[in-house]
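One letter stands for each residue in the lines below.
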Amino acid sequence: GAVVSQHPSWVICKSGTSVKIECRSLDFQATTMFWYRQFPKQSLMLMATSNEGSKATYEQGVEKDKFLINHASLTLSTLTVTSAHPEDSSFYICSASFGPYGYTFGSGTRLTVV
Amino acid sequence: DAKTTQPPSMDCAEGRAANLPCNHSTISGNEYVYWYRQIHSQGPQYIIHGLKNNETNEMASLIITEDRKSSTLILPHATLRDTAVYYCIVSSRTGANNLFFGTGTRLTVIP
C-alpha cells in the first residue's frame, strides 16, 4: 500500500516551453505532498510543500511563478515548470505523507531542457 | 529537524553484513530515525524507522543507541542490488513536515 505514482518518468522539452509533472497517491489520500529536485550527484532538495486546497509553500530561492504547484484534490498534485531553460534540467521527485511509515516517494521525473 | 552525519561512502562484500552508521546528536525526544535508500535514477525507498527501540523488518535492522544520539542500519546479507545511497533522516512524525535529506552514504556492494 501507500503508492505514489509520478508521470512522466522522463521528458525532453524545448527551451521556453512548459512541462507538467503529475504526482498521484494511488491508495490513500494525501493532504500534504512535497516536491524535491535533485541535481546529478547531489542530494534531494525540497522545493515546495503542496497542501490540498491551499497555496503551496515554497522554499527560499525557489521561484513560485516558475514552478507552479496545484494540489486540487487529495490524490493529485502537479508541478508545472514554466518557460523551462536548460538550467532547469534535473530530476524532480514528489512524496506524500501517510501513516504509519511517514512518507512515500514517486519514482521521479527526469527533465531535460534543450 | 535534527541534522545527521553519515560517512560519504562504504564498500561491502556481497553476502556480508553492511553496517551503516549515522550520528544524530541533536535529536529531540519526539523525533524518529528514518532510513531511506535511493538506487540510481529512482525515487527514495523506505527501509525502516524507529524511535528508541531496535527495529527489524524483512529488509534491515535498525540499532539505536540508548542515548539516541546515533544509530546503525544493518543489511544482514548484502547483495549487488543493495548498492545505493542510504539516507539517515530524523523527523517528528507529524506528516506535515518534509524529510530533510543530507548527503547520505553511498554503499557499494562488491562481488
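Because the structure is a prediction, the values reported are computed rather than measured.

**Describing the interface of chain B and chain A**
Between chain B and chain A, the contact holds 21 residues from the first and 19 residues from the second. Taking both partners together, chain B and chain A bury about 1,500 Å²; carbon and sulfur atoms supply 55% of that area. Our count for the contact surface shared by chain B and chain A stands at zero salt bridges. Applying the counting criterion to the chain B and chain A interface returns seven residue pairs in polar contact (both at pLDDT 80 or more). Within the residue set of the side of chain B that touches chain A, elements represented by two or more residues are β3 (31–38), β4 (45–50) and β8 (84–92) of chain B.

**A look at the state of the cysteines**
Following the criterion strictly, the structure yields two disulfides over all chains and no others. Cys23(A) shares a disulfide with Cys94(A); S-S distance 2.0 Å. Taking the sign of the torsion about the S-S bond as the criterion, the disulfide between Cys23(A) and Cys94(A), at about 85 degrees, is right-handed. Of the two residues, Cys23(A) sits in strand β3 (residues 19–25) while Cys94(A) sits in strand β9 (residues 90–98), which places them 71 residues apart along the sequence. Neither Cys23(A) nor Cys94(A) differs from the other in exposure class; each is buried. A sulfur-sulfur distance of 2.1 Å marks the disulfide that ties Cys22(B) to Cys88(B). Between Cys22(B) and Cys88(B), the S-S torsion sits near -80 degrees, and that sign places the bridge as left-handed. In this pair, Cys22(B) sits in strand β2 (residues 18–23) while Cys88(B) sits in strand β8, placing the two residues 66 residues apart along the sequence. With respect to burial, Cys22(B) and Cys88(B) carry one shared label: buried. No disulfide involves Cys13(A); its sulfur sits 18 Å from the nearest other cysteine sulfur, which is in Cys94(A). The exposure class of Cys13(A) is buried, given its relative accessible area of 8%. Left without a disulfide partner, Cys12(B) is nearest to the cysteine sulfur of Cys22(B), which lies 18 Å away.

Rules of the game
Residues numbered from 1 in each chain as written. Chains lettered and ligands numbered in written order. Predicted model: local features only at pLDDT ≥ 70, side-chain atom pairs only at ≥ 80, totals over all residues. Heavy atoms only, no water. Contact = heavy atoms within 4.5 Å. Buried area = accessible area lost by both parts, 1.4 Å probe. Salt bridge = Lys/Arg side-chain N within 4 Å of Asp/Glu carboxyl O. Polar contact = N/O pair within 3.5 Å; in protein donor to acceptor, adjacent residues only side chain to side chain. Helix = DSSP H or I, 4+ residues; strand = E, 2+ residues; numbered from the N terminus. Disulfide = S-S within 2.5 Å. Buried < 20%, exposed > 50% of the residue type's maximum accessible area, 1.4 Å probe, protein only.

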